[in-house]
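Structural overview for review
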Amino acid sequence: MTSLRYRFFSQILPQGTTGKYISAIALLTFFLTSCKTETKLAQCTKLIENVNEVNISLNSQKLKTDAIVSQKLAQQLEKTATELDFMTFKDVNLTEFSKKFSQGFRDLSKAIKDLSQSVEKGQKIEITTQGREDFNKVKQQTSQAGKTAQEIAQKQDKLLEQLKLYCNTTEK
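Here we summarise the structure given alongside this text. What you see is a predicted model, and the numbers here were worked out from it, not measured in a lab. (Residues numbered from 1 in each chain as written. Predicted model: local features only at pLDDT ≥ 70, side-chain atom pairs only at ≥ 80, totals over all residues. Heavy atoms only, no water.)

1. As for the side chain of Gln-156
With respect to the element layout, Gln-156 can be found in helix α6 (residues 129-170). With near-sequence residues (within four places) excluded, Gln-156 lies in contact with Lys-100, Phe-101, Gly-104 and Phe-105. (Helix = DSSP H or I, 4+ residues; strand = E, 2+ residues; numbered from the N terminus. Contact = heavy atoms within 4.5 Å.)

2. Re the pattern of salt bridges
Following the criterion strictly, the structure yields five salt bridges and no others. Here Lys-79 ties to Glu-83 by a salt bridge, and the two come within 3.9 Å at their closest N and O atoms. One end of the pair is Lys-79 and the other is Glu-83, both in helix α4 (residues 67-86) and four residues apart, which spans about a single turn. Judged by relative accessible area, Glu-83 falls into the partly exposed class, the value being 38%. The residue Asp-114 makes a salt bridge to Lys-110 at a minimum N-O spacing of 3.0 Å. (Salt bridge = Lys/Arg side-chain N within 4 Å of Asp/Glu carboxyl O. Buried < 20%, exposed > 50% of the residue type's maximum accessible area, 1.4 Å probe, protein only.)

3. Concerning the packing of α4 against helix α5 (residues 92-124)
At their nearest, the axes of α4 and α5 sit 8 Å apart, and the two run at 165 degrees to each other. Taken together, the axis directions place α4 and α5 in an arrangement best described as roughly antiparallel. When the axes of α4 and α5 are compared, the crossing they make is left-handed. Of the residues in α5, those in contact with Ala-67, Ser-70, Gln-71, Leu-73, Ala-74, Leu-77, Glu-78, Thr-80, Ala-81, Thr-82, Leu-84 and Asp-85 of α4 are Ser-98, Phe-101, Ser-102, Phe-105, Arg-106, Leu-108, Ser-109, Ile-112, Lys-113, Ser-116, Gln-117 and Glu-120. Considered class by class, the residues forming the contact of α4 with α5 number 10 nonpolar, nine polar and five charged. (Axes fitted to C-alpha atoms, helices over the stretch in contact; angles between N-to-C directions. Parallel < 35°, antiparallel > 145°, perpendicular 65-115°, else oblique. Left-handed = near helix turned anticlockwise from the far one by under 90°. Nonpolar A, V, L, I, M, F, W, Y, C, P; charged D, E, K, R; others polar.)

Written out as structure tokens, the structure is:
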């Protein structure tokens, strides 16, 4: 019993050439599907674009000290970190870069949450003697959280530069 596909091709192709054409089609399909794999440059671009999206978001929120905005930014960082966790790369180095960015975004998210909570606490402090002491503690916590966030952001920037350098030297 011949297959439906074979019968179809045998009706539209000249007698005796069906097998050759089916082999050619199978070979062509194989090459087309194998060409769909991403190059290192394409994978680099995908990773850099994800990181740049976060950087744009961070820069647009830089001057805002609103606790709600900071919480949303922290959530966005967590979301991006999770997305990076699920990205797959054939290149081991790109996988490592992705893991480092993911962890950095999680750390930055935590620092921004801490900063946001400190600002929120500071806004709720009553004006009393105890309130002044509480305010000084919160001020110190806010300063530390801000410093931590800044250090993490600088590490992420350096990591991005390393990634760009790696990607530029990889595909030449």
